[in-house]
Amino acid sequence: MSILELKNITYGYIDGNKKRTILDDLSYTFEKGKFYSILGPSGSGKTTLLSLMGALEKAQEGRIRFEGQSLDEIGYVKYRRNHQSIVFQQFNLIPYLSGLENVLNVMHITDNELPQDKQKTALNLLNTFGIVESKARRSISQLSGGEQQRVAIARALATNVELILADEPTGNLDTATQKEIVAIFRKLASDYKRCVIVVTHSDEVAKMSDTQLKLVDGKLVDITGSLSHV
Amino acid sequence: MYLFNRAFAYIRKQKAKTILLLVLFFLIANIVLAGLSIQSATETAKTLTRQEIGADVIYTFNTSKLNTDFRSGVIDPSVDRASLEGAPLYGNLVQLLDSDLIKSYDVISSYEVTTDDLTPYVYTPTSTTTTGTGTGQGGGKSIIGAYTSSGDLSMRTFTRVEPQDFIDETSTLISGRYANQDEIDQGAYVVLIEKTLADLNKIKVGDRLSLTPTLDGYDTIALDFEVIGIYQSNEVVDDRSASMIGSSLLAQNRIYTPFRTLSSMGYTENDMNDVLLDKAIITLKDPLDVETYMASIEGRINLVYGNISANDAVYEQLAGPIETLGQMSNVLVLIVVIAGAAILSLITALTINQRKNEIGILLAIGESKTKIVSQFIVEVVAIALIAFTLSTFSGLSIGRMISDVTLSSFINTETTTVVPTGMGGGNRSATVTAEEIEPVELNVKFDPIVLIQFFGAGILISIISVAIPALYVTRFNPKQILTNNG
């Protein structure tokens, strides 16, 4: 069942005197309950594509529909608040809040129905990712990179959204933790029927996804099963 | 709303920035509050000074212009002063009486009388005795407190129950009564005579006197007056002055009678309008209406040789330094507010610029621009409120210190003067002197209205200084903000 439809998406920018097209009439449909990975060389437009899917900016041409409704109809702010969450490469946590407060922050922002005891829910979620309560209450600056990324992932999952986007979520983590995180993404897709889309350079991460896509000449190409040739 | 949690978390965690902003607000607030408190205190002091001075407006000759034009030959010293433009004629005074702000007025004019019923008091100096024969300008049978004496005694008129001289305590009623309003309005032949004169002539309340006015056309008519009261003159006698003037101009030989006795003796309304006054005192209902009244009468009389004042010189002497302090504090407040707002805006703009990444993150996770800007406003307003509250007490102390130091350097020393008697019936354009008024203290104190204005303006400036840069940043999309700060 489709959740996110990209139709004729085009995006470019002016480089000196030339117009450079990154995404060229790109169309693809993502489905619920699947774990996608998007590969491509640096500068191919992976992060840009993720930004468009996350409504961090608007496509210059084309349309994005979420569960049949265009993002213009839903409203970009409402879409970001209630229907998707992003795990950033640089974590992008609020620096003066603790790990727990960063998770509680999004839980208070969203309009989605959440358990009454938000603090307990947040602590449980953080604990799932190996962030115990004492660490969760520390300032972000007192956590390691891996711990911060776990907090970021917990933040992304705290609002019960159907679509989870991640930009190199395991880039700063050790191998063991990478596997843990990817396993969580797989579980979210398979058990909880979320749509998880991960932008990655890592073949190992890509191999663990249900569908592997590659950005080639501004378009998404399905390369599932052919990773040995990437 | 979680924005409050974020705001207070920021204040707690970002101690250095919080303290910087707190100190800045505290300094600005102290100076502004000191200035506003001084402003408020000076306004109150000016009002109290005006109330202390009273509500009298005096219409008299402009003696300085008169003397200047005499000396320079512009006007002939023998000119009939009643013909001078703006001279204090009764007809001119009437034009000033059309106002709801007036409580009462007193018309003071003088003319001389002769009598066989009274022996005038003769001034006796400590070493020699002289009789006042008088010298001066012209024959002077006109109604003016001139420097002449052709009669035995002088009549001084009044139009209110307690004449001005008695309000000023130049004279004090010691037996009998004042004239009532009916007697005043109808020009009844009633008089108040001085104690010395009364004792000299064994006159008591109830006695009758035959007095002949030395006025052209009336100098053969003896009028029958009733003595209704005896007063004591409190005027200080200057030996030199008293020995130079005629007996009729001595305070002891002054008799008070209603102004309208002139009508009773035969003056027509036109004659009354041409009566030259020593001065007229118009008392307003409220001292604070002085400026309004003065504005309302402007232009009614062409005051070339006339002068209308509301004890202005005394007011300026007492309130001038206070007014100067008030103006200085206005300027100080304006400069500090503008400079403070500029500095504050710069600091908050720089701070928000540093927090662009945070703004991008909040937008990316779905927070609204309104709540992001509101969070920044909450942060600044919370710090401002703490600083303003602390400065409430220190600001007042600073205000008192500034006003004490500044005011003491402005205030002039006062000198005492002796008021001479009988010199033209007193052409002073004041009913009080600075010496008579107890100086009003400048009381810089807690004023709720000032505090409300101060808090209100301060909060408003804080909100504007943070909202403008914050709104500027939030107009970008999240990717632009995060990319530029990544």
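Below or above, wherever it landed, is the structure these notes cover. Because the structure is predicted, anything quoted here is derived from the model rather than measured. Just so you know, the residues in each chain are numbered from 1, in the order the chain's sequence is written. To read the labels, note that chains go from A and ligands from 1, taken in the order they are written. Local features in this predicted model are restricted to residues of pLDDT 70 or higher, and side-chain atom pairs are both shown and tallied only at a pLDDT of 80 or more, whereas totals for entire chains, interfaces and linings draw on every residue. Only hydrogens and water are set aside when side-chain values are computed; all heavy atoms of the structure are taken into account.

1. Regarding the environment of T200 of chain A
Residues and elements named next belong to chain A.
Turning to step 1, where the next piece is worked out: A run of H or I in DSSP counts as a helix once it spans at least four residues, and a run of E counts as a strand once it spans at least two, with each numbered from the N terminus. Looking at where T200 falls in the secondary structure, it is placed in the loop between β8 (195-199) and α9 (203-207).
Turning to step 2, where the next piece is worked out: Taking relative accessible area as the criterion, T200 reaches 0% and is therefore assigned buried.
Turning to step 3, where the next piece is worked out: The contact rule is simple, with two residues in contact once any of their heavy atoms fall within 4.5 Å. Look past the residues within four positions of T200 in its chain and what remains in contact with it is S37, I38, L39, K46, E168, V205 and A206.
Turning to step 4, where the next piece is worked out: Within polar-contact distance, the side chain of T200 engages the backbone nitrogen of S202 at 2.9 Å. Burial classification: accessible surface area is computed with a 1.4 Å probe over protein chains only, and a residue below 20% of its type maximum counts as buried, one above 50% as exposed, and the rest as partly exposed. Whenever a nitrogen or oxygen atom comes within 3.5 Å of another N or O atom, the pair is scored as a polar contact, on the condition that within protein one atom can donate a hydrogen and the other can accept it, and that pairs from neighbouring residues in sequence are kept only if both atoms are in side chains.

2. Observations regarding unusual backbone geometry
All names here are of chain A.
Turning to step 1, where the next piece is worked out: Residues other than glycine seldom take positive phi values, yet E67 does so here, at roughly 50°.
Turning to step 2, where the next piece is worked out: Counting through the fold element by element, E67 comes out in the loop between β4 (61-66) and β5 (69-70).
Turning to step 3, where the next piece is worked out: A residue is classified by how much of its surface remains accessible, and E67, at 38% relative accessible area, is partly exposed.
Turning to step 4, where the next piece is worked out: Phi at N160 is positive, roughly 60°, even though this residue is not glycine.
Turning to step 5, where the next piece is worked out: Mapped onto the elements of the fold, N160 is located in the loop between α7 (145-157) and β7 (163-167).

3. Considerations on the sheet that holds β7 of chain A
All names here are of chain A.
Turning to step 1, where the next piece is worked out: When DSSP finds two or more bridges between two strands, those strands count as paired. Within the open sheet, the 6 strands sit side by side as β6-β7-β8-β3-β9-β10. Their pairing is mixed. Single-partner strands in this sheet number two, and they are β6 (84-87) and β10 (219-222). Neighbour-to-neighbour, the strand axes of the sheet open up by a mean angle of 25°, direction not taken into account.
Turning to step 2, where the next piece is worked out: Relative to β10, strand β9 (residues 211-216) is paired through 4 bridges, and the arrangement is antiparallel. The partner of V216 across the bridge, within β10, is K219. To obtain each axis, a line is fitted to C-alpha atoms, and for helices this fit is confined to the stretch in contact; angles are then taken between N-to-C directions over 0 to 180 degrees.

4. A look at the pairing of strand β7 (residues 208-213) of chain B
Residue and element names in this part refer to chain B.
Turning to step 1, where the next piece is worked out: Where strand β3 (residues 110-114) lies against β7, 2 bridges are found, and the strand directions are antiparallel. Across the sheet, residue T114 finds its bridge partner in β7, namely T212.
Turning to step 2, where the next piece is worked out: Note that β7 and strand β8 (residues 223-233) share 4 bridges and pair antiparallel. Among the inter-strand pairings, L209 is bridged to a residue of β8, identified as F225.

5. Some points on empty space enclosed by the protein
Turning to step 1, where the next piece is worked out: Here a cavity denotes a set of grid points, spaced 1 Å apart and computed over the protein atoms alone, in which a 1.4 Å probe fits but from which it cannot get out, and a pocket denotes an open set meeting protein on both sides within 12 Å along at least five of seven lines; residues with an atom within 4 Å of a point are reported as lining. Grid points are joined across faces, edges and corners, and a volume is the space filled by probe spheres set on the points. The tally for this structure, following the rule as stated, stands at 7 cavities of 30 Å³ or more.
Turning to step 2, where the next piece is worked out: Here the largest cavity is characterised by a volume of approximately 120 Å³.
Turning to step 3, where the next piece is worked out: In terms of lining, the largest cavity is formed by 15 residues, of which the most central are Q84, S85, I86 and V106 of chain A together with I365 of chain B.
Turning to step 4, where the next piece is worked out: Just so you know the grouping, Ala, Val, Leu, Ile, Met, Phe, Trp, Tyr, Cys and Pro go in nonpolar, Asp, Glu, Lys and Arg go in charged, and all remaining residues, Gly too, go in polar. Considered class by class, the residues forming the lining of the largest cavity number 8 nonpolar, 4 polar and 3 charged.

6. Topic: the interface of chain A and chain B
Turning to step 1, where the next piece is worked out: The partner chain B presents 23 residues to the 21 residues of chain A that form the contact.
Turning to step 2, where the next piece is worked out: In what follows, salt bridge is the name for a side-chain nitrogen of Lys or Arg lying within 4 Å of a carboxyl oxygen of Asp or Glu. Connecting chain A to chain B are 1 salt bridge.
Turning to step 3, where the next piece is worked out: Its salt-bridge partner being K479 of chain B, residue E57 of chain A comes within 3.4 Å of it at the nearest N-O pair.
Turning to step 4, where the next piece is worked out: Along the contact surface separating chain A from chain B lie 8 residue pairs in polar contact (both at pLDDT 80 or more).
Turning to step 5, where the next piece is worked out: When residues of the side of chain A that touches chain B are traced back to their parent elements, those giving at least two are α1 (46-53), α3 (76-82) and α4 (99-109) of chain A.
Turning to step 6, where the next piece is worked out: Considering every element that reaches the side of chain A that touches chain B, the biggest residue donor is α4 of chain A, with 6 residues.
Turning to step 7, where the next piece is worked out: Taken together, the residues that form the side of chain A that touches chain B break down as 10 nonpolar, 6 polar and 5 charged.

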